[in-house]
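# Structure assessment
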Amino acid sequence: TFTAPRAKFRRADGSFNADGAGARAAAAKREKHAAVYDLAVAALRDADPAYAESFTSLAVTERFRGSPHIDTENVAPFYGLALGDFSRGGRLAVRAS
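In this text the structure is predicted, and so the values were computed from the model without any measurement.

Let us look at the environment of Ala-47. Mapped onto the secondary structure, Ala-47 falls in helix H2 (residues 34–47). Residue class for Ala-47 comes out exposed when judged on its relative accessible area of 53%.

Quick look at the packing of aromatic side chains now. Within this structure, the stated rule accounts for one aromatic pair. Ring geometry for Tyr-51 and Tyr-79: centres 5.2 Å apart, planes at 55°, overall tilted. In this pair, Tyr-51 sits in helix H3 (residues 49–52) while Tyr-79 sits in the segment after strand E2 (57–58), placing the two residues 28 residues apart along the sequence.

Here we take up the packing of helix H1 (residues 21–32) against H2. Two elements in contact, H1 and H2, have axes whose closest approach is 5 Å; the angle formed by their N-to-C orientations is 85°. In this view, H1 runs roughly perpendicular relative to H2, as classed from their interaxial angle. Contacts between H1 and H2 involve Arg-30, Glu-31 and Lys-32 on the former and, on the latter, Ala-34, Tyr-37 and Asp-38. Of the residues assigned to the contact of H1 with H2, the class counts are two nonpolar, no polar and four charged.

Before going further, it helps to examine the environment of Tyr-79. What makes Tyr-79 partly exposed here is its relative accessible area of 45%. Residues Tyr-79 and Leu-58, spaced 21 residues apart in sequence, show a C-alpha to C-alpha distance of 9.4 Å. With near-sequence residues (within four places) excluded, Tyr-79 lies in contact with Leu-44, Ala-47, Asp-48 and Tyr-51. A distance of 2.6 Å separates the side chain of Tyr-79 from the side chain of Asp-48, its partner in a polar contact.

The rules we used
Residues numbered from 1 in each chain as written. Predicted model: local features only at pLDDT ≥ 70, side-chain atom pairs only at ≥ 80, totals over all residues. Heavy atoms only, no water. Helix = DSSP H or I, 4+ residues; strand = E, 2+ residues; numbered from the N terminus. Buried < 20%, exposed > 50% of the residue type's maximum accessible area, 1.4 Å probe, protein only. Phe/Tyr/Trp six-rings, centres within 6.5 Å; stacked < 30°, edge-to-face > 60°. Axes fitted to C-alpha atoms, helices over the stretch in contact; angles between N-to-C directions. Parallel < 35°, antiparallel > 145°, perpendicular 65-115°, else oblique. Contact = heavy atoms within 4.5 Å. Nonpolar A, V, L, I, M, F, W, Y, C, P; charged D, E, K, R; others polar. Polar contact = N/O pair within 3.5 Å; in protein donor to acceptor, adjacent residues only side chain to side chain.

See the structure below:
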C-alpha cells in the first residue's frame, strides 16, 4: 500500500520527510515504484478528480487472488481497477447490504 499524496511525511514541495520507521519504509516504497504510483493517481484523477485529492491509500497488486470476505474496516468509498488478460477467467464480486 502506498500512502496518498497528502500524507504526513510529505513536505509541501513533494519531497519526503520520513522521521519514523514506518514513514521511511513507505517513502522508500513510493520512490521505488514512483512510475506505477503516478500512473495510478493519474487514472484516479481521470475518474474522480475530487477523490484523487483526498484518498488516503493506494494498493497495487500483481496476480492477486482473493477469497470471499467482508472488509469491515472499509468505511469510506474506494475504487478498484483491474488490468490484464482475463480471457481465461477472473471476476470481482461486490455485495452491499
